[in-house]
Every structure is written in structure tokens, then in C-alpha cells.
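Working through the structure, step by step
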Amino acid sequence: MRIKRISTTVETEADLARMRLEENKYKHVIELMGNLSTKRGQPNERTRYLHIPLLKNNRFSGRLMPLTKIESVLDPTPNDNPSLRSMALFGMGGVGKTQLASQYAHESTEKYDVILWILADNSITIGQSFRDIARGLQLYEDSEEVQDSAAAIWKVKNWLGSTNSTWLVVFDNADDLQALKVAWPATAKGSILLTTRDFDLARNPAAECLQLDPFDEVEGCAMLLKQIGLDPTDAASQQHGIEITRALGGLPLALSQIGGFDDYEHTLSTVWDVSFERLPADSTKLLNIIIFFDPDSIDEDILSQGSQNETDLDPQFKFLTDEMDLGDAEAPLLQLALVNKSFSQPILSLHRLVQYAAIRKLSDSDKSLYFDVAIRLLSWGFPDTWSKDIGHQIGAWERCEKCLPHIDHLAKLVKRHSVRTSSGDRYAELLLRCTRGLVDAARNTFEDKSTLTYASAIDLAGLIDLDMCQPARALEPFLEALEIRKARLGADDAFIAFSLNNIALAYTEMGRLEEAYSTHQQAIDIRLLTNSDRIGNSYSNMASLLLRMGKPNEAQDMLARCPSLKDFTDDTFLSTGNPRFSGDMVLLSRIRLKQGRIDDALRLASKALAFRQKLLGNRLKTRLDDHTAAAIELLKQLIDIAGALVEGEGQLARALYKLSILYSEKGAASEADLAKAKATEIRNRLRPENCDAAFDGESFSKLTLWMLW
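Just so it is clear, the structure is predicted and the values come from calculations on it, not from any experiment. (Residues numbered from 1 in each chain as written. Predicted model: local features only at pLDDT ≥ 70, side-chain atom pairs only at ≥ 80, totals over all residues. Heavy atoms only, no water.)

Remarks on the confidence of the model for the protein chain
- Across the protein chain, the average pLDDT comes to 77, with 74% of residues at 70 or higher.
- Low pLDDT, under 50, characterises residues 36–43; the stretch is placed with ten contacts to residues that sit more than four places away or in other chains.
- Scored below 50 in pLDDT, residues 615–626 makes 44 contacts in the model with residues more than four places away or belonging to other chains. (pLDDT = per-residue confidence, 0-100. Contact = heavy atoms within 4.5 Å.)

Encoded structure:
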């Protein structure tokens, strides 16, 4: 195995040496490969970084045996043979899993150089945590980088695999196995602790599992007496504490809540009922709003900025718009431990059991009232993209990131608690900006299915189908959206071109190329007529279609019509420092390849790839023809990246197919067979109808869009 690794390194360096003989010709390829080599092989200095959003609980009590067990499994080994150590804490809600994990993390700050806390409820919160960590570790090279979740996960996982620092990663409240697997560090060293209520997830992927039970009477009594400052040796206090622990089932969360009362004749539900009754009016309103949010990370900007964005907000909620009034409303919630607040950021959180108890207490009319307020506040996160074609709104991404987890949570609460809203269309507009499941929910929520908002909902569903390589399924909603927009806007409105563009893309992926051409031409005519600033988008898409039709020269001429590319040459592309042109570089490199200008194609693809590798980290889409060893290295990078994307399995299978072919050409039979087996397994799972298909480029090309080749 060691000889094989050395051989691969030698071959890669030999490829680079041959390229250096013609340095001007391969300058950008050499820079790219050198950058990848540096990032993989450069030794890291030890880094010191702690990302623990929870403050240390100075009233933490008990759990000595579980803490000792965690230490024995996860503590860094003092020998020279580091290994990946992992453990899952499993138990019911409120049993103290998060507090135990937090205690271990805070007690271990001298054992680990780096501690990273991940909110692991779902893929959205995982992505947000990784973005924060990537910023904290300074893995982004400049402020203009696009910090998408997949890029952050890829960057952080790569860093964990290469650093010499000792590290601990905590995945808290992990409920989504697929999202967890994507985020799980694929390294041979380090420590991972996860908390979960899911028994199956606790057994996989962690190596060991520890079930956390409620306190026994003695431990629960000790915790309670510590909470309220009574003498733990006093017999009367002990007896009373044991009775309360028994009544509350030893649940740590309940015991921590009841510590603020003098009368201990309360069950868990009545403890919170009494807490709620003690709250001032604005504090009650604030709690009743945030119980409709995801409980782990409620950014105060959503409350303050979101309320200021709503001109017709009910006057009783105006306290949200004033920072001082909002702080006054928060204070009693914090004092009664109904909510927590981050020390370093204006982030609120509350326990799910508190959330459930508060929702249960609301009448149906109050549920509807506060649900509608939550909808209005969260709408602040998204621009209006359903009434006009405005393209990507990068400036809104930060707001969107803050709101996304709460919209996902909101949709789940509607089903769980049968919440009715008086703002159905407003809720539907909110949902359609999110995932496929929420888009489907939005479509079913609309009462009036002739509005522009509904057209955007079904259009978005079609775009998701198209992204998942289901163009025939996408075509139906595209056509329906077009008819709605024609009825509302007229046949020559600029937004009609947006619909036509989507339809043409679906036709292209379905192989209906002549229909795609005429539809793209209609979109171009409208955008020219309306002087749309989106005309470059149409020219670029038409160029891609012409390339697929086998007309590379016409594709080149069409691409050159883009206003932003006026007078551009290959050298202009190569000398630009603006990453916005990377997509056009990829397309032009494909045109050059089709024209037989392989060296030019290679230079352009390498420049584009360097941009994307720097900014995105998860969009590598090319190979180095005629330089097998270097191509293998790039394909390995692509496989690493595609593996970090739930939606990247098609690209992953195609990359494995190409890797298998290259290994075969080199005579590396075992590596070729392994890549082939993995590629075939993914293809057969994604396309069961192709299980008997040949192992060839045609069957694997169907797993990805032509636009993404």
C-alpha cells in the first residue's frame, strides 16, 4: 500500500513536471494542482479554538459515572497511535443529555486544542453550525466567499483530517441520520460525542452508546437541594427532596425548573404553568411567539428587524421593535430559566419540553394569533421573488440563513398541533422558499391557485425536480406556471421569459432539443423587447444548448453576445480576478474541448476550478485529459466533495465511473474494481430501472444534468 501511495505521488509530480516544461501553456493547471497539493500535505501548527455556545452550568450536579465513562472513551490518547473515538448519549427529552455533553466539553478545554459544538437537529442547523465554525477557524480566505453549507462542511472536515490539533466535535440533538452522516468527520483521529433521542441513530455511526436515565432519588435530591441552596445533610430537606424527585420521575429538567419555588407540591406541568402565570404581559407574548420557532437558535434580529419590517403589525407586539423593550421582555424568561441566551451572540433558546408545555397551554385562537405573528416575523428573511424576475438575491442570504430552521420547524408544528392560520397565502409564500417538502406543503396551502405566488410555488417545485435530474417531472409545473403568469401579466412581460427559460432547460435535459431551441429563442425575444438585464442568462443557456446540439462554433458566438462578456477572449478570462465569470469559463472550456482545442479547454477549466475550489469548495466538475495522474487527483477531490452533499450522489457516481476508467487505463485493477462497485451501487439505487445497464458513460451521464457536466 505504501509503495502504491509513493507511486501515485511520483506519477502526479511527473505530470506536473511535464506541464512545467510548457509553463505558459499550463500555468493555471500548475497553480491549481500546486494549491491542492499544498492544502493536502502542508503540516499544520496546533490551533486553539473553542466553539461552545452554551455557558458552563455552575449548578451542574451528579452524573459522575457517565462523565467517567465519556472520559474513558473519548479523552485523547497519550500514545503515538491516535484513533477516531466516538460515543452517543441516548435518552428521553429532558434527561440532561445536552447538559452532560456541555459539562464534558467545558471540563475538557485543557485536554483538547479545539472543541466544536454542532446543533444537529437537521441539515439546516448543521449547516449553520459548520458555517460559524469555518469562520471561526478562518477557513474562508476573504469576506466575499460564498459560505454555503456544503462548502463549510467540506472545509471543516478537511481541516479536521489534516490538523495536528487534538479536537472534540459534539453533535447535539442529532435526529437526522442522513444529515449526520454527511457531516460526520471521515478521519482516522479525533473525538466525537453526540446526543440523541433516537435509539437507532445512537448505534450508528458512533462506536459506543451510553443510555442516560433520569436521576435516582438520591442523585435527584442532591441536585434539587443544590439548586435551592438548602443543606444537603439536613434530614428533613433530604426527605422532602426525595419526595419531589419521586413525583417528577427524576427528570433533571423538571428538577431544575422546580428549584425556584417554595411550594414543592407540583408536577412537571404545573411547575411550568406557575412559571407562565408569573410572567409580565410582554414576556408572555414573547414566549408565545418563540415557541413557534426552532428552539435551539432564535436570533434576536428576527424579532427586532422582522417586526420593524412589518408595517401592519398588531400594536400589542410593538415592543419587539425597541431593543430596550425587547430586553425587558426577555429578562423574566431568563430569570425563570424558561429560555437561555448565548453569552457571545444575541441568540435565544428554550427546551423542547418547555416549548411543548407552552403550546399546550394556548387556546386555538391564541395559537392562530401567535402563529401568524411568527409568519410575519420570518417573512423578513426573504425578498419578493414571485412577482418579478430578480435573479439571485445574495444580499438576503444572511437573513435567509437565520430564518430557515424556524420555517422548517413551523411546518412541523402545524401538523403536530393542528394549528390554523388566518394568513394562509402569507404562510404559503413563506414555505415555498424552502425545501421540497415545504414547497409541497405550500402548494397545498394556497386557496387561490391563480396567483403569481402560487405560480412561483409550483415553479420552484419544478426547479427542485430539475436539480434532482427529473426533467420530465419538472416540465408539468413549469408549463402550469407559464399559463398563470400569462393570464396575470400578459404574454410579453419580462417574467414570462423566466418561465420560458425553465421550460427550455427541461426540454434540453429531456433531449427535446429543437423545442428547447425555439423556447429559448422566445425568451430571448422577450428579454430584448423589455430591455431585461437577464438577457445574458438567456444567451448563456442557449450557448449550452447549441453545444449539446453539436454546434460548438455557434455556441461560442452565442456566448460572446452576453453583455458582461463583450470583447472577452480566452486570455481575458484567464487574467480576470472576478469569480463571477467561473460559470462562463466552464462553458467556454467545454466549447473548446468540443472544438478539439484541448489545451485551451484545460487552461480555462483549471482557472474556473481554482475559483470554485477557493470560493465554494463543492463545485468541482472537470478532469485533466491526457494527464491521467493529475486527473485522478482531481476526481478524488470531486468524490470527497460530492460525498458531502446529500443531493450530490449523481455527481459522485459519475466521478467514480470516470475514476474506474482511469484506473483501468493505468492497470490498477483493484482500485478500478472498487470504484466500479461503488459507482454501480449508487447508479442502481438512484435508477433501479438501469440495474442491467452496461457500465458506460451513457448510463452514468443520465444521473447528472447536461448543464452540470
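Quick look at helix 31 (residues 649–666)
- Its 18 residues place the ends of helix 31 26 Å apart at the C-alpha level, agreeing with the 26 Å of an ideal helix rising 1.5 Å per residue.
- Where helix 31 ends, the next residue or the one after it, Gly667, has phi of about 85 degrees, a positive value. (Helix = DSSP H or I, 4+ residues; strand = E, 2+ residues; numbered from the N terminus. Expected span 1.5 Å × (residues − 1).)

Brief notes about the packing of aromatic side chains
- Evaluated as defined, the whole model comprises six aromatic pairs.
- When the centroid spacing of 5.4 Å and the interplanar angle of 35 degrees are considered together, the rings of Phe495 and Phe498 count as tilted. Of this pair, Phe495 and Phe498 both sit in helix 23 (residues 494–510), three residues apart, which is roughly one turn of the helix. The residues Phe495 and Phe498 share a single accessibility class, namely buried.
- Directly above the ring of Phe495 sits Arg485, whose terminal nitrogen or CZ lies 4.3 Å from the centroid.
- The ring of Phe695 carries the charged tip of Lys676 above its face, separated from the ring centre by 5.1 Å. (Phe/Tyr/Trp six-rings, centres within 6.5 Å; stacked < 30°, edge-to-face > 60°. Buried < 20%, exposed > 50% of the residue type's maximum accessible area, 1.4 Å probe, protein only. Lys NZ or Arg CZ within 6 Å of the ring centre and 35° of its normal.)

Topic: unusual backbone geometry
- Phi angles above zero are rare outside glycine, and Gln138 is one such case at about 60 degrees.
- With respect to the helices, strands and loops of the structure, Gln138 is situated in the loop between helix 5 (123–136) and helix 6 (149–162).
- On the basis of relative accessibility, which here comes to 68%, the residue Gln138 falls in the exposed class.

Here we look at the sheet that holds strand 8 (residues 340–341)
- A sheet is described by the order of its strands in space; here three strands give the open sequence 7-9-8, paired in antiparallel fashion. With one partner strand each, in any of the chains shown, strand 7 (298–299) and strand 8 form the two edges of the open sheet.
- Pairing of strand 7 with strand 9 (residues 347–349), which is carried by two bridges, proceeds in the antiparallel orientation. Each residue of the ladder has a partner; that of Asp299, found in strand 9, is Ile347. (Pairing = 2+ DSSP bridges.)

Digging into the pattern of salt bridges
- The tally for this structure, following the rule as stated, stands at eleven salt bridges.
- When the shortest N-O distance is used, the salt bridge between Glu71 and Lys111 registers 3.9 Å. Taken together, the positions of Glu71 in helix 3 (residues 64–74) and Lys111 in the loop between helix 4 (97–107) and strand 3 (114–119) put the pair 40 residues apart, joining distant regions of the chain.
- Overall, Lys111 belongs to the partly exposed group, its relative accessible area being 30%. (Salt bridge = Lys/Arg side-chain N within 4 Å of Asp/Glu carboxyl O.)

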